[in-house]
Amino acid sequence: MLSGEWQGDMNAAIQARFSEARVVQMGQPTISRNLLKTVVQQTAVLYDRAPLVSNADEADDEFAEHLLRAGVWAQAQRHQLWTTGIRQGIRRVDWSGSPPSALRVRNVQTSHVYAEFPPDDPRQPWLVVEAVPRVRTLDNGKPAPCWTWEVIDLTDPADPQYRIMKARDGSHDKAVDLTAEFLGGASNDAWSGDGFPFRHADGSAFMPYVWYHAQDTGHSWDAWDMCEVVSGAMDVAALWTFWMHGVKDASWPQRYVVNAILRGLSQSDSNFGKHRSVEADPGSILQFMQDDALGAVTVGQWNAGVDPERLEVAVASFERALMASFGLGAADLQRDSGSAESGYAIALRKSSQRELQRRQAPQYGRSDRLLLSRLAALWNRFGLGVAVPEDGWDVSYPALPLGPDERKGIEDKVKALTEIGIAPSRVWVLEQIEQIDRAQALSLLQRWREDEDAVAEESEGPDVKTLLIGQMQAGVEIIRSVSTGEIPRDAGVAMLAQLIGISEEAAEASMASAGRGVAPQIEDEA
């Protein structure tokens, strides 16, 4: 359902939920409504903005830029989609080129993987067997696609194994070792033991597969959690199929006739069975043949068999109730378009998405730090750039930006605090606007100050500090002139606003009581 390949599953779901005759009448089930994917897409938003990577040892920026070019964070968006829906996700660190010239990260399908875990750490495996499609060159020189097993075995840390195997006769016991054929080397053992390539700077071997968990349950796999949501999403799709059937086939008044035989009936065969029918729509004329033996012919009309709006409300109500299985309540939902009852307009509020980001960050952060550590190890091992630390990595996830209404709410809050004499700090305002914590806000302000200092040092114009002092002195002189009556107050406000580059409201506040008959106390500059 997450990849779009569920039409066959939907066909089976329809046949399980409706009678054969009804299935035939409804026709091809719709997969236009995929509640599972809709909700997963809106809850898997941790990587919508590229994470901020840092290290206490001040790693070189070249490494971080290389990660962006390698698509580490761009691919993480699809990776989180899978992890949220399937409950587990796997990413593989690797390299490209021979000799290695770049790092590579790929998302791994969990259905292609067999894994074993150490008893004391069920989160990360020590044996992984992944089914990987490859192409062999036959003796006649022709390419032949084949499935292989990529085996990484760290059950014996002193003798790590990296092999490419191919099953023979469908049996694992009869697998053929093709490591040298696909990876190169003098023998199939060249990439195992001392030749194992995935190692830290201290020589310890590491697993190139990194496990991600949608929720830390203490177990290696959690595939059956929320399976009721998948079943419910099938129910929703089936109900919308029925709704479409009602709109197309039963949403208008139907005329009928008694004691007459309908002409033009034809038999149709389909994957869902056989049935006899005649094509009818609001503009068609049905032909009947009277049978005198049956008595007088009666013609009448029934009301529409389906009220699309009421049926839509019923389906949407069921859909909203199902959302609770995702841990989402009515307060988390908004309606982007359509009527208030429209199920097709379901969307999460930005505030709810940001709260989900906060809850997801610790879980994904643990695996992302492990991923960065192993990428750094490969970066150093193959000399792809300036050496970087292999430990001490940290990842922070920028929150989704505020919407116009949310930003206006913060502005109103700042204004209300200012009016009662409380001036919010820049740190607090930055926390609210950027939806970051205090440490991140302080770090961002510090970087801004450093940037401003760098610009000031490189500027060929007058010294910035000198300019600021000059502006302050000129501003004090304007206020003094207004106070003594040399300049009208309104003209002084306009001059002060233009000089300092502030609004007239702010200049009015800075002018205080000057020009209103009360002489302000202005101390001379030292």
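Rules of the game
Along each chain, residue indices are assigned from 1 in the same order as the chain's sequence is written. Owing to the predicted nature of the model, reporting of local features is limited to residues with pLDDT of at least 70; listing and counting of side-chain atom pairs is limited to 80 or more, with chain, interface and lining totals taken over all residues. Hydrogen atoms and water are omitted, and side-chain values are computed over all heavy atoms in the structure. Cavities and pockets were defined on a 1 Å grid built from protein atoms only: a cavity is a group of points that admits a 1.4 Å probe but offers it no way out, a pocket is an open group of points flanked by protein on both sides within 12 Å along at least five of seven lines, and a lining residue is one with an atom within 4 Å of any such point. Grid points are joined across faces, edges and corners, and a volume is the space filled by probe spheres set on the points. Secondary structure follows DSSP: runs of H or I at least 4 residues long count as helices, runs of E at least 2 residues long count as strands, and numbering of each begins at the N terminus. Pairing between two strands is assigned when DSSP locates at least 2 bridges connecting them. Helix axes use the C-alpha atoms of the stretch in contact, all axes being lines fitted to C-alpha atoms, and the angles between their N-to-C directions lie in the range 0 to 180 degrees. Contact between two residues is taken to exist if any of their heavy atoms lie within 4.5 Å; hydrogens are not considered. Residues with no salt bridge and a relative accessible area higher than 30% make up the patches, which join like charges within 9 Å and nonpolar side chains (Val, Leu, Ile, Met, Phe, Trp, Tyr) within 5 Å. Only the protein chains shown count as cover for residues, and the accessible areas themselves come from Shrake-Rupley with a 1.4 Å probe. The term salt bridge refers to a side-chain nitrogen of Lys or Arg lying within 4 Å of a carboxyl oxygen of Asp or Glu. Charged residues are defined narrowly, with Lys and Arg counted positive, Asp and Glu counted negative, and His plus the chain ends left uncounted. Every charge is mapped onto a representative atom, which is NZ of Lys, CZ of Arg, CG of Asp or CD of Glu. Think of it in three bands: with a 1.4 Å probe and only protein chains considered, a residue is buried below 20% of the maximum accessible area for its type, exposed above 50%, and partly exposed in between. Each polar contact in these results corresponds to two N or O atoms within 3.5 Å; when the atoms are within protein, one needs to be able to donate a hydrogen and the other to accept it, and residues that are neighboring in sequence are counted only if both atoms are side-chain atoms. When we speak of the arc, we mean the arc of directions from the helix axis to the C-beta atoms. In this classification, Asp, Glu, Lys and Arg are treated as charged, Ala, Val, Leu, Ile, Met, Phe, Trp, Tyr, Cys and Pro as nonpolar, and every other residue, Gly included, as polar.

1. Points about empty space enclosed by the protein
Taken as a whole and assessed by the stated rule, the structure comprises one cavity of 30 Å³ or more. Taken as a whole, the largest cavity encloses approximately 30 Å³ of empty space. If you go around the largest cavity, the residues you meet are His79, Trp82, Thr83, Ile86, Gln88, Gly89, Ile90, Val108, Gln109 and Thr110. Elements that contribute at least two residues to the lining of the largest cavity include exactly α5 (74–86) and β2 (88–96).

2. Focus on the sheet that holds β2
Strand order in the open sheet formed by three strands is β3-β2-β9, and the pairing between neighbours is antiparallel. Because the sheet does not close on itself, it has two edges, and the strands there are β3 (102–108) and β9 (209–213). Direction aside, neighbouring strands of the sheet carry axes that sit 25° apart on average. Both β2 and β3 contribute to a ladder of seven bridges, which runs antiparallel. The residue of β3 that forms the bridge with Asp94 is Arg104. Where α5 meets the sheet, it contacts β2, β3 and β9, and its direction lies at approximately 150° from that of β2.

3. Notes on a negative patch on the surface
There is a patch of like negative charges on the surface, built from Glu450, Asp451, Glu452 and Asp453. With respect to the element layout, Asp451 can be found in helix α12 (residues 438–458). The class of Asp451 is partly exposed, set by a relative accessible area of 48%.

4. Quick notes on the pattern of salt bridges
Enumeration according to the criterion identifies 15 salt bridges in this entry. Where Asp235 meets Arg17, a salt bridge forms, and the shortest distance between an N and an O atom there is 2.5 Å. Of this pair, Asp235 sits in helix α7 (residues 227–249) while Arg17 sits in helix α1 (residues 7–17), and the two are 218 residues apart along the sequence. Through salt bridges that share partners, Arg92, Asp94, Arg104, Arg134 and Glu150 make up one connected network.

5. Some details on the side chain of His66
Relative to the elements of secondary structure, His66 occurs in helix α4 (residues 61–69). Setting aside chain neighbours within four positions, we find His66 in contact with Ser101, Ala102, Leu103 and Trp379.

6. Here we look at unusual backbone geometry
In the segment running from Ser98 into Pro99, the intervening peptide bond is cis, with an omega of 5°. Structurally, Pro99 can be placed in the loop between β2 and β3. A positive phi angle is found at Arg87, which is not glycine, with a value near 85°. Within the secondary structure, Arg87 is located in the loop between α5 and β2. When its relative accessible area of 8% is taken as the criterion, Arg87 is described as buried.

7. A closer look at the side chain of His200
In this structure, His200 sits in the loop between α6 (179–183) and β9. Within the structure, His200 has its side chain in polar contact with the side chain of Glu390 (distance 3.1 Å). The contact partners of His200, leaving out residues within four places of it in the chain, are Phe206, Ser373, Ala377 and Glu390.

8. Concerning helix α11 (residues 426–434)
Of all the positions in α11, only Val427, Leu430 and Glu431 are classed as buried. The buried side chains of α11 occupy one side of the element, clustering within an arc of 105° when seen end-on.

9. As for the layout of surface pockets
As a volume, the largest pocket reaches approximately 1100 Å³. Residue lining of the largest pocket: 35 residues in total, with Trp82, Thr84, Gly85, Ile86 and Arg87 positioned closest to the centre. At the level of secondary structure, the elements contributing two or more residues to the lining of the largest pocket comprise α3 (35–43), α5, α7 and α9 (350–381). Across the lining of the largest pocket, the residue classes tally to 18 nonpolar, 13 polar and four charged. Its volume calculated, the second largest pocket comes out at about 660 Å³. Along its surface, the second largest pocket is lined by 22 residues, and Gln25, His245, Asp249, Ser277 and Val278 are the ones closest to its centre. Secondary structure elements with two or more residues in the lining of the second largest pocket: α2 (20–26), α7 and β13 (273–277). Of the residues forming the lining of the second largest pocket, the biggest block, five residues, is contributed by α7. Classifying every residue of the lining of the second largest pocket gives 11 nonpolar, six polar and five charged.

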